[in-house]
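Spelled out from the first residue to the last, the chains are:
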Amino acid sequence: DLGVLRAACLTGNDPVRLFLGRHLMAPAACVGSFLCLLVKVRSQPTAVAMDLVNSAGTIVNIFYISLVTACMLPLFCYEHPSGHGSSMRIAPSILCFKHGSFEKMLAIAIVSFCCIPLPFTAAVTFGTWKYPTLMASGNNIQGRTLMQYRFWWVRFRHERYYYGLLQLVRSLGMA
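Calculation rules
Residues numbered from 1 in each chain as written. Predicted model: local features only at pLDDT ≥ 70, side-chain atom pairs only at ≥ 80, totals over all residues. Heavy atoms only, no water. Helix = DSSP H or I, 4+ residues; strand = E, 2+ residues; numbered from the N terminus. Expected span 1.5 Å × (residues − 1). Bend = angle between axes of the 7 residues up to and from the residue. Buried < 20%, exposed > 50% of the residue type's maximum accessible area, 1.4 Å probe, protein only. Salt bridge = Lys/Arg side-chain N within 4 Å of Asp/Glu carboxyl O. Core = buried A, V, L, I, M, F, W, Y, C linked by side-chain atoms within 4.5 Å. Contact = heavy atoms within 4.5 Å.

1. Here we look at helix H5 (residues 117-136)
(1) Moving on: Taking 1.5 Å as the rise per residue, H5 with 20 residues should run 28 Å; its terminal C-alpha atoms sit 29 Å apart, in good agreement.
(2) Moving on: Within H5, the axis deviates most sharply at Lys 130, by approximately 50 degrees, and proline Pro 132 lies no more than four positions further along.
(3) Moving on: Residues of H5 that are buried include every one of Pro 117, Phe 120, Val 124, Gly 127, Thr 128, Tyr 131 and Leu 134, and no others.

2. With respect to unusual backbone geometry
(1) Moving on: You will see that Phe 97, though not glycine, has its phi angle at about 65 degrees, which is positive.
(2) Moving on: Along the chain, Phe 97 turns up in the loop between strand S2 (86-88) and helix H4 (100-115).
(3) Moving on: Classification of Phe 97 by relative accessible area gives exposed; the value is 59%.

3. A short note on the pattern of salt bridges
(1) Moving on: In this structure the tally under the stated criterion is 1 salt bridge.
(2) Moving on: Salt-bridge contacts for Asp 14 lead to Arg 17; the nearest nitrogen and oxygen are separated by 3.8 Å.

4. A closer look at the nonpolar core
(1) Moving on: Formed by 18 residues in total, the largest nonpolar core has its most connected members in Val 60, Phe 120, Trp 152, Trp 153 and Leu 168.
(2) Moving on: Looking at this core, the elements that each hand over two or more residues are helix H2 (15-43), helix H3 (48-72), H5 and helix H7 (150-153).
(3) Moving on: Here the element with the most residues in this core is H3; it accounts for 5 residues.
(4) Moving on: Setting aside residues up to four positions removed in sequence, Val 60 forms contacts with Cys 30, Leu 67, Ile 116 and Phe 120.
(5) Moving on: Counting residues in each nonpolar core, the second largest holds 11 residues, with Met 88, Ile 94, Met 105 and Ala 109 among its members.

Here it is, written out as structure tokens:
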């Protein structure tokens, strides 16, 4: 919740700007992680791409439920008592499907969902599907792929590699 950060001091009370800020938190954390990795590379050379994918995956995994929930927020509306329309739960001054700000927030939510949770879910699904092949191969490229996805598999024994995908589906259902 950006209210804790007092973001309204910088952005004003515009609900669209606050909503956009909510969606930019995870990408900002990924950029911060990338900058930290650049500092690390200066001190000890390593495979930056592998570390970046692993760090970004960890960050998106942390924010996953919040990101999916934030993408759904414009669709949560409540009916006015008089029956003359409905308002957004997060911004009662904005009428659902009738206000320009609603359309902007809906567009932000759709773009955000297509840029972060959807590709993350697809990548984890693909990685889980390819895991047995990657483990069986002694190829260096597959070894690097395993290292990139280690944020996902490190929590489970290798026989239960698919538990991460089940956990992601559960998180998606919770959101």
